[in-house]
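# A look at the structure
The lines below spell out each chain.
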Amino acid sequence: MPKHGKPEGIAKDDAVHEALECFKAAQSNESENRASALEDIKFARLGEQWPQAILTQRNQERRPALTVNKLPAFIRQVTNEARQNKPAMKVRPVDSGADRQTADVMTGLIRNIEQTSNADVAYDTGADFAVSGGFGYWKVDFDYSHDDSFDKDIKICPVYDPFSIYGDPHSQCADSSDWMKAFELCPLTVDEFEAEYKDAAQVSWDSETPINEDDEELTVAKYWVREEVERTLLKLSDGTVVAEEAFLAKNDGISMKEIASATGLQIVGTRKTRSWKVKRLVLSGVEKLDEEDWPGIYIPIVPVYGDVVNIEGKRYLHSLIRHAKDAQRQYNFQRSAEVEMIALEPKVPWIGPKGAFDEDPNWETANTASHSYLEYVGQQPPQRTPVDTARGAAAIQAARAANDDMKAIIGIYDASLGQRSNETSGKAIMARQREGDVSTYHFIDNLSRAIRHTGRIVMDLIPKVYTPGRIVRTLGSDGDVEQARIGSPAVPPNPQAGVAGVYDLAAGKYDLTVEAGPSYTTRRVEAAEAMTAMFQANPDTVPLLADLWAKMQDFPFADKIEERVKGMQQAQQGPSPEQQKMEIEKQKLALQAENDQRKAQLDLAMEQQRMQLERVKAEQEIELEREKAAAQMEIERTKAGMQLELQQQKTQADIQTKTQVAEHGAMLKEKGMEQKQAAQTAINLPEGVGQAMAEAIGAAMAPIGAEIGRAVKDALAGVTLKVNMPKMRRTA
């Protein structure tokens, strides 16, 4: 019954369908190499050297089937040589933006990455599988440096199962740096799968239906895809070349574009370029479980190959012992035959007349037990047929021939294996050893190529993983530890804190070379032995080289002896020209530092004075603005008061004028009525005569109206506003 998850027959995601097609192509391309590698590893390492049918027959016949496995010695000869002379990476500057000091820091950082991540285990595991089976792998990854830190470290991890990796079937490069696709199969327990992918269907990569209740694990595939992309390069006015996305990306809240704008840098050129983008998909048998972008431009899986043969475009990978298996089988067969004949020698039957063995029962155990005497019946004593020793000698000779065949096929002889051979002089022994080294050097060379490709992957990741401002540890070739600050050139180094300098690992271009040879420890021992022999031949050189001899030793207090010998040498010889030069340079640096400090203090004082003047000036400007605002407010207030007062005076004048006009009008009207009544009363005039008299009266009243106007003018003499008196209408 399927375990919980999506039902059976679920449709595959498009990503899974595409990945399965690529996986089938890779699987078909590697099937022959994988079958041969598995057979070689089982043959050489597990000792499965007898064909199953022959082994079963011999067991049934109770015949010996010995396995005298001589192949691991040949394998260890190559792998241990690789361990002793492990290739070492060295970074070199390429363009004007790179420098030797930064290259040395990157080399020391790579050594630190190798040491902290136990990269030697990854290298040894990959090389061992390459020699034993024809191919091996390791991978590059990164993770948080500590459980309480946000900093990340690059690490080089071993691949213990080379059959879990499937590479690009279309790759042509010797180190497979052109891989565009790769698969990494990862077995997970059911609990691990549920914890990582809670809502996903529990379908293994090699299946289309969910797992059953009794299944304890399933497999997921990490599908690596490398795609070609087009990017824009920007050239700045100071000569710096940077990718557009890096120019716009913000780091610690600020982008390179903002920094360039603040410092006056401008973009003076752009061009399109080809680059690569890598992403990783985690797939089950039916769906995509996870997807993430990889910061580098290479797929971080590194293959190391054995003996490579390319025929008609197909790459065949051979192990060291691929063609020596028949000789090993022959050796096993002949040694088994030899043992079988030796075992059968005491079992040669006794021959005698009929009834000669009837009376003594000890004849039954004559071939298996030791008896003091044996009795027989008759005159003729029993006899044994002599054993044919020629067959045993032939088996021994055939075994020796098979052993020599293995040496000749592999190319490693007794001198390389540390066995006594027919070489007698030291030069002859070393020549035979070099011959063995040369015959298997292609395995060491392929290991060097793989380590060089690893260095390119790590160099590409370093500026993206180690953030600016971070202090990292670097290791010298002799194991000396130093610290360096990454990025932040504006921050000065701090020798007291052990920080040697500040280095921008993202600036400039660097390449990488691999140097194969004895390790530093081996070279140090050889140097110490050479100096000891020189001291014995020429004791006068001891006072001159005793400090170097002490430095090469591993016994306790060797460093103290070195310091004391150096002190004695300096006391006897005085300062050397180099020391004097260093002292002068030290004084110059101290003087320069003092001058820089004084200049910095002067600049700081001037800056403080300038800031003080600007602050006083700003305060004065603020005070002046405040006074101007107060004066303007006072002017506005006074103006508003005057306008209000004038408005009140105008209103009062208008009221007085209207009142006086009304009073004079009423008075004139009253007088006119009285006069009219008197005239009408005294004389009853005709209608036309009355009209004429009214006009005469109006003319007589005109001077009175003018008099009223002058009175009003005198009343408004103190008012600045002009008041227009209304004209008096003539009334009849």
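The present account deals with the structure reproduced in this document.

What counts, and at which threshold
Residues numbered from 1 in each chain as written. Predicted model: local features only at pLDDT ≥ 70, side-chain atom pairs only at ≥ 80, totals over all residues. Heavy atoms only, no water. Helix = DSSP H or I, 4+ residues; strand = E, 2+ residues; numbered from the N terminus. Buried < 20%, exposed > 50% of the residue type's maximum accessible area, 1.4 Å probe, protein only. Contact = heavy atoms within 4.5 Å. Areas by Shrake-Rupley, 256 points an atom, 1.4 Å probe, with all protein chains shown as cover. Axes fitted to C-alpha atoms, helices over the stretch in contact; angles between N-to-C directions. Parallel < 35°, antiparallel > 145°, perpendicular 65-115°, else oblique. Nonpolar A, V, L, I, M, F, W, Y, C, P; charged D, E, K, R; others polar. Pairing = 2+ DSSP bridges. Salt bridge = Lys/Arg side-chain N within 4 Å of Asp/Glu carboxyl O. Core = buried A, V, L, I, M, F, W, Y, C linked by side-chain atoms within 4.5 Å. Phe/Tyr/Trp six-rings, centres within 6.5 Å; stacked < 30°, edge-to-face > 60°. Lys NZ or Arg CZ within 6 Å of the ring centre and 35° of its normal. Expected span 1.5 Å × (residues − 1). Polar contact = N/O pair within 3.5 Å; in protein donor to acceptor, adjacent residues only side chain to side chain. Patch = residues over 30% accessible without salt bridge, like charges linked within 9 Å, V, L, I, M, F, W, Y side chains within 5 Å. Lys, Arg positive; Asp, Glu negative; His and termini not counted. Charge placed at Lys NZ, Arg CZ, Asp CG, Glu CD. Left-handed = near helix turned anticlockwise from the far one by under 90°.

## Some words on the overall build of the chain
Assigned secondary structure in the chain consists of 18 helices and 20 strands. Within the chain, the proportion of its 732 residues that are buried is 31%. For the chain, the share of sequence-separated contacts (at least 6 apart) that also reach a separation of at least 24 residues comes to 68%. Only carbon and sulfur atoms are counted for the fraction: they give 52% of the accessible area of the chain, which is about 46,000 Å².

## A word on the side chain of Ser284
With respect to the secondary-structure elements, Ser284 resides in the loop between strand E10 (267–283) and strand E11 (288–294). Looking at Ser284, the relative accessible area reads 0%, which means it is buried. Residue contacts for Ser284: discarding those within four places in its chain leaves Val16, Ala201, Val203, Ser204, Trp205 and Leu289.

## Thoughts on the packing of helix H1 (residues 14–45) against helix H5 (residues 119–133)
The description of two packed helices rests on the angle between their axes and on the distance between the axes. As a packed pair, H1 and H5 sit with axes 8 Å apart at the nearest point and diverge in direction by 95°. Taken together, the axis directions place H1 and H5 in an arrangement best described as roughly perpendicular. On H5, the residues touching Ala37, Asp40, Ile41 and Arg45 of H1 are Asp128, Phe129, Ser132 and Gly133. A breakdown of the residues in the contact of H1 with H5 according to their chemical character gives 3 nonpolar, 2 polar and 3 charged.

## Topic: the sheet that holds strand E12 (residues 301–305)
Taking strand neighbours across the sheet as the criterion, the 3 strands line up as E3-E2-E12 in an open arrangement whose pairing is antiparallel. The sheet is open, and its two borders are formed by strand E3 (152–158) and E12, each paired with just one other strand. Mean inter-strand twist for the sheet, computed between neighbouring axes without regard to direction, equals 20°. For strand E2 (residues 135–144) and E12, the ladder comprises 5 bridges, and the chain directions are antiparallel. Looking across to E12, one finds that Lys139 is bridged to Ile301.

## What about the pattern of salt bridges?
Taken as a whole and assessed by the stated rule, the structure comprises 30 salt bridges. Residues Asp128 and Arg45 are paired through a salt bridge, measuring 2.8 Å at the closest nitrogen-oxygen approach. A residue pair is termed long-range when its members are at least 10 positions apart, and Asp128 in helix H5 and Arg45 in helix H1 qualify at 83 residues. On the basis of relative accessible area, Asp128 is assigned to the buried category, the value being 18%. Since its relative accessible area comes to 35%, Arg45 is described here as partly exposed. Taken together, the shared-partner salt bridges in this structure form one network comprising Glu39, Asp40, Arg322, Lys325, Asp326 and Arg329.

## Things to note about the pairing of E2
In this structure, E2 lies alongside E3, joined through 7 bridges in antiparallel fashion. Of the residues in E3, the one forming a bridge with Phe142 is Ile154.

## Notes on the nonpolar core
The nonpolar side chains of a soluble globular protein tend to be buried with one another. If you look at the biggest cluster of nonpolar residues, it comprises 55 residues, and the most contacted ones within it are Trp138, Ile154 and Ile462. Beyond its immediate sequence surroundings of up to four residues, Ile154 is in contact with Ile113, Val140, Asp141, Phe142, Val458, Leu461, Ile462, Val465 and Tyr466. The next biggest cluster of nonpolar side chains, apart from the first, holds 18 residues, and it includes Ala44, Leu71, Ala402 and Phe443.

## A word on the packing of aromatic side chains
Counting across every chain of the model gives 13 aromatic pairs. Ring centres of Phe193 and Tyr197 lie 5.4 Å apart, and the angle between their planes is 55°; this geometry places the pair in the tilted category. Like Tyr197, Phe193 is buried. Put simply, the rings of Phe23, Tyr166, Phe183, Trp205 and Tyr223 pair up and form one aromatic cluster. When the ring centre of Trp276 is taken as reference, the NZ or CZ atom of Arg226 above it lies at 4.2 Å.

## A word on helix H4 (residues 100–116)
End to end, H4 covers 24 Å across 17 residues, agreeing with the expected 24 Å (1.5 Å per residue, within 8%). All of the buried residues along H4 are Thr102, Ala103, Val105, Met106, Thr107, Gly108, Leu109, Ile110, Asn112, Ile113 and Glu114. Where H4 begins, the side chain of Asp99 points an oxygen toward the backbone nitrogen of Gln101, at a separation of 3.1 Å. With its phi angle positive at about 55°, Asn118 sits one or two positions after the end of H4.

## What about the side chain of Glu338?
Of note, Glu338 is situated in helix H9 (residues 325–344). Under the relative-accessibility criterion, Glu338 is labelled buried at 15%. Once you skip the residues sitting within four places of it in the chain, Glu338 turns out to touch Ala395 and Ile396.

## Notes on unusual backbone geometry
Positive phi, close to 55°, is recorded for Asn118, a residue that is not glycine. Even without being a glycine, Ser176 presents a positive backbone phi close to 60°. Among the residues examined, Ser176 registers a relative accessible area of 2% and is labelled buried.

## Quick notes on a negative patch on the surface
Together, Asp191, Glu192, Glu213, Asp214, Glu216 and Glu217 give the surface a local cluster of negative charge. Within the secondary structure, Glu216 is located in the loop between helix H6 (190–196) and strand E6 (217–236). Glu216 sits in the exposed class, given a relative accessible area of 67%.

## Digging into the packing of helix H3 (residues 71–84) against H5
Where H3 meets H5, the closest approach of the two axes is 10 Å, and the angle between their N-to-C directions is 150°. Between H3 and H5, the crossing angle belongs to the class labelled roughly antiparallel. Both H3 and H5 take part in a crossing whose hand is right-handed. Residues Ile75, Val78, Thr79 and Arg83 of H3 form the contact with H5, whose participating residues are Asp124, Ala127, Asp128, Val131 and Ser132. A class-by-class count of the residues in the contact of H3 with H5 yields 4 nonpolar, 2 polar and 3 charged.

Spatial relationships are all this shows, so hold off on functional conclusions.
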